[in-house]
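Spelled out from the first residue to the last, the chains are:
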Amino acid sequence: MKSAVFALVFALASLALAAPAGAQATPGTTGAIRIGVIGPLSGPSADFGLPMLNGVKLAIDEINSFGGYLGRPLELVIKDDQANPELGLKLSQELVREKVIATIGFCNTGVAMKSIDVFQASRTPLIVPCTTGTPVTTRFPPAESYIFRNAPPDAIQAPFMVDEIVARGWTRVAVFADTTGYGEGGLQDVRRALAKKGLEPAYVGRFDLGVTDVTEQLKEARKAGADVIFIYTIAPQNAVIAKGRHALGWKVPQVGAWALSFPLFIDGAKEAAEGSLMALSFVAEPTNERRATFLARYARKFEGPRIPVPMAAAQAYDATYLLAHAVLSLPGDRLDGPGIKAALEAPKRPYYGVVTTYDKPFGSQDKEALSANMLVVGTVKNGQVTFAHAEDATRNRIVQRKQAAGGL
């Protein structure tokens with residue numbers, strides 16, 4: 001417990017040290033500093049929207065307990081986009097009108113892609129802790145972009161899992177992807193990753209969200225000789241596919257991105273979820289002191305030992321601290337979008353986070369904080385998510401720091 005308390009105090013003290021010497025709030029700027037949060041807090045994507053929000057809240061409470069920004073508390077302006085792109089656009093416009101200094105959010109690629117122009121046009125920094133669709137950070141030229149992310153994009157998740165597939169000797173891959181922006185982007189990332197291995201999908205199945213039966217498509221995939229299913233969709237549809245495969249008695253493995261770790265999939269698919277493999281940046285096990293501290297504090301604040309989607313909570317917690325480090329490095333007269341953007345791109349010191357140590361998470365040409373070496377393969381075992389490989393559990397005790405593109 002002493003070391004856990006020390007870890008928290010160290011993080012908060014580093015924030016205080018980040019404040020510029022002699023910094024004072026600009027005259028007339030008093031009261032709370034407003035930060036936006038947007039995500040699906042109700043509806044079918046709330047299983048990871050709510051942990052995202054809770055991760056932000058936990059970090060904000062800690063930062064405010066240490067004085068906020070020059071004595072001014074950080075205040076959250078929270079919006080529920082319900083995973084609806086049109087609603088997300090409307091709420092994003094509201095956040096800008098309500099003069100938040102920055103926003104943390106988005107869990108659904110389609111919602112993010114509909115809304116990011118609002119933040120870019122208003123020069124309001126956006127840190128994305130959950131949405132993994134590759135295009136989210138590639139729409140704008142990197143030097144001009146106000147869109148940052150500290151979630152593993154599908155451009156690294158897909159090849160990471162293709163490497164796992166090939167290592168296990170599976171070569172005939174059936175890809176099931178929904179027709180949303182997330183599914184389409186994921187399908188293209190999987191195709192590219194397979195092509196680099198000299199492979200192409202044995203079968204591709206597309207479907208709309210809300211589908212309740214894909215039996216015929218599964219039969220076609222089996223007929224095509226698929227020996228593994230790679231899925232890109234949200235948790236409820238993951239469960240539909242898994243249950244359909246189970247009902248057919250088709251005993252092929254199911255792999256995918258991090259959505260296979262969500263409770264709506266695991267609880268919905270039940271025994272059909274067992275053994276599923278997915279890419280993860282964070283597993284809710286106290287493999288080092290920072291993670292143990294985070295898990296303990298989250299459990300105390302939100303009254304329960306189990307985080308529905310731990311990755312969402314951990315990445316959102318880290319996103320909040322990354323933003324706070326940037327804000328606290330600025331004098332009051334530079335506390336605006338361009339100033340925060342510049343501070344995010346050139347941090348004065350590392351942030352020792354839960355997912356990783358962020359030495360220089362972003363740069364003028366780089367808006368992605370995580371790299372492929374930070375990922376581990378997770379698996380569903382007895383209804384819980386854990387490490388698929390014992391060596392990953394061991395390696396995860398040591399913080400994996402960001403590597404340049406192409407590094408391992």
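That block above? That's the structure.
Figured I'd write up the structure that's included with this text.

Rules behind the numbers
Residues numbered from 1 in each chain as written. Predicted model: local features only at pLDDT ≥ 70, side-chain atom pairs only at ≥ 80, totals over all residues. Heavy atoms only, no water. Helix = DSSP H or I, 4+ residues; strand = E, 2+ residues; numbered from the N terminus. Polar contact = N/O pair within 3.5 Å; in protein donor to acceptor, adjacent residues only side chain to side chain. Contact = heavy atoms within 4.5 Å. Phe/Tyr/Trp six-rings, centres within 6.5 Å; stacked < 30°, edge-to-face > 60°. Lys NZ or Arg CZ within 6 Å of the ring centre and 35° of its normal. Axes fitted to C-alpha atoms, helices over the stretch in contact; angles between N-to-C directions. Parallel < 35°, antiparallel > 145°, perpendicular 65-115°, else oblique. Left-handed = near helix turned anticlockwise from the far one by under 90°. Nonpolar A, V, L, I, M, F, W, Y, C, P; charged D, E, K, R; others polar. Pairing = 2+ DSSP bridges. Salt bridge = Lys/Arg side-chain N within 4 Å of Asp/Glu carboxyl O. Buried < 20%, exposed > 50% of the residue type's maximum accessible area, 1.4 Å probe, protein only. Core = buried A, V, L, I, M, F, W, Y, C linked by side-chain atoms within 4.5 Å.

## Some points on the side chain of Thr-137
By secondary structure assignment, the location of Thr-137 is in the loop between β4 (126-128) and β5 (147-149). Side chain to side chain, Thr-137 and Glu-368 meet in a polar contact 2.5 Å long. Ignoring sequence-local partners within four residues, the contact set of Thr-137 consists of Ile-147, Arg-149, Lys-367 and Glu-368.

## Re the packing of aromatic side chains
Taken as a whole and assessed by the stated rule, the structure comprises 15 aromatic pairs. Seen from their ring centres, Phe-230 and Tyr-232 are 5.8 Å apart, and the 10° between their planes marks the pair as stacked. Taken together through their ring pairs, the aromatic side chains of Phe-282, Phe-294, Tyr-298, Phe-302, Tyr-317, Tyr-321, Tyr-351 and Tyr-358 make up a single cluster. Lying over the aromatic face of Tyr-146, Lys-341 brings its terminal NZ or CZ to 5.6 Å of the ring centre.

## Some points on the packing of helix α2 (residues 46-65) against helix α11 (residues 310-328)
Close contact between α2 and α11 brings their axes to 7 Å; oriented N to C, the two are set at 40°. Taken together, the axis directions place α2 and α11 in an arrangement best described as oblique. For the crossing formed where α2 meets α11, the hand is right-handed. Touching Phe-48, Pro-51, Met-52, Gly-55, Val-56, Leu-58, Ala-59, Ile-60, Glu-62 and Ile-63 of α2 are Ala-312, Ala-313, Ala-316, Tyr-317, Thr-320, Tyr-321 and Ala-324, all from α11. Classifying every residue of the contact of α2 with α11 by side-chain character gives 14 nonpolar, two polar and one charged.

## Topic: the sheet that holds strand β10 (residues 277-280)
Paired through backbone hydrogen bonds, the strands of a sheet run either parallel or antiparallel to each other. Read across the open sheet, the seven strands follow the order β7-β6-β8-β9-β10-β13-β14; overall the sheet is mixed. Both outer strands of the open sheet, β7 (203-207) and β14 (384-387), are each paired with one neighbouring strand and no more. Taking the axes of each pair of neighbouring strands and ignoring which way they run, one obtains an average angle of 30° across the sheet. On the sheet, helix α5 (residues 154-167) packs against β6 (173-178), β8 (228-232), β9 (254-256), β10 and β13 (376-381) and is oriented at approximately 170° with respect to β8. Sheet strands touched by helix α7 (residues 215-223): β6, β7 and β8. Its angle to β7, the strand with the most contacts, is close to 170°.

## Quick notes on the pairing of β14
In this sheet, β14 lies alongside β13 in antiparallel orientation, the contact comprising four bridges. By the bridge assignment, Val-380 is partnered in β14 with Val-385.

## Focus on the pattern of salt bridges
Tallied over the full model, the rule gives 19 salt bridges. Lys-90 is the partner of Glu-94 in a salt bridge, and the nearest nitrogen-oxygen pair spans 2.9 Å. In this pair, Glu-94 and Lys-90 are both assigned in helix α3 (residues 85-97), four residues apart and thus about one turn of the helix distant. A relative accessible area of 15% places Glu-94 in the buried class. Overall, the relative accessible area of 43% leaves Lys-90 in the partly exposed class. The salt bridge partner of Lys-367 is Glu-345, with a shortest N-O separation of 3.1 Å. You can see Lys-367 sitting in the loop between β12 (357-358) and β13 and its partner Glu-345 sitting in helix α12 (residues 337-345), a full 22 residues away along the chain.

## Things to note about the packing of α3 against helix α4 (residues 109-122)
Two elements in contact, α3 and α4, have axes separated by 8 Å at closest approach and are oriented at 20°. When the axes of α3 and α4 are compared, the pair comes out roughly parallel. The chirality of how α3 crosses α4 is right-handed. Contacts between α3 and α4 involve Pro-85, Glu-86, Gly-88, Leu-89, Ser-92, Gln-93, Leu-95 and Val-96 on the former and, on the latter, Gly-110, Val-111, Lys-114, Ser-115, Val-118, Phe-119 and Ser-122. Here the contact of α3 with α4 is composed, by residue class, of seven nonpolar, six polar and two charged.

## Describing the nonpolar core
One finds Phe-230, Trp-258, Phe-265, Phe-294 and Ile-340 to be the most contacted residues of the largest nonpolar core, which totals 96 residues. Considering every element that reaches this core, the biggest residue donor is α11, with 14 residues. Setting aside residues no more than four positions away along its own chain, Phe-230 makes contact with Ala-158, Met-161, Val-162, Ile-165, Val-173, Ala-174, Val-175, Phe-176, Val-190, Val-255, Gly-256 and Ala-257. By size, the runner-up hydrophobic cluster in this structure holds 16 residues, among which are Val-77, Val-100, Val-111 and Ile-147.

## Focus: the environment of Thr-138
For Thr-138, the position within the fold is in the loop between β4 and β5. Spatially, the C-alpha atom of Thr-138 lies 8.8 Å from that of Lys-367, the residues being 229 residues apart in sequence.

## Here we look at the sheet that holds β4
Read from one edge of the open sheet, five strands run β2-β1-β3-β4-β5, paired in parallel fashion. A single partner strand is all that each edge strand has here, and the edge strands are β2 (74-80) and β5. Each strand of the sheet is rotated relative to its neighbour by a mean of 25°, with strand direction disregarded. For strand β3 (residues 102-105) and β4, the ladder comprises two bridges, and the chain directions are parallel. Its bridge partner lying in β4, Ile-104 is registered against Ile-127. Here α11 sits on the sheet and contacts β1 (33-39), β3 and β4; the angle it forms with β3, its principal contact strand, is near 165°.

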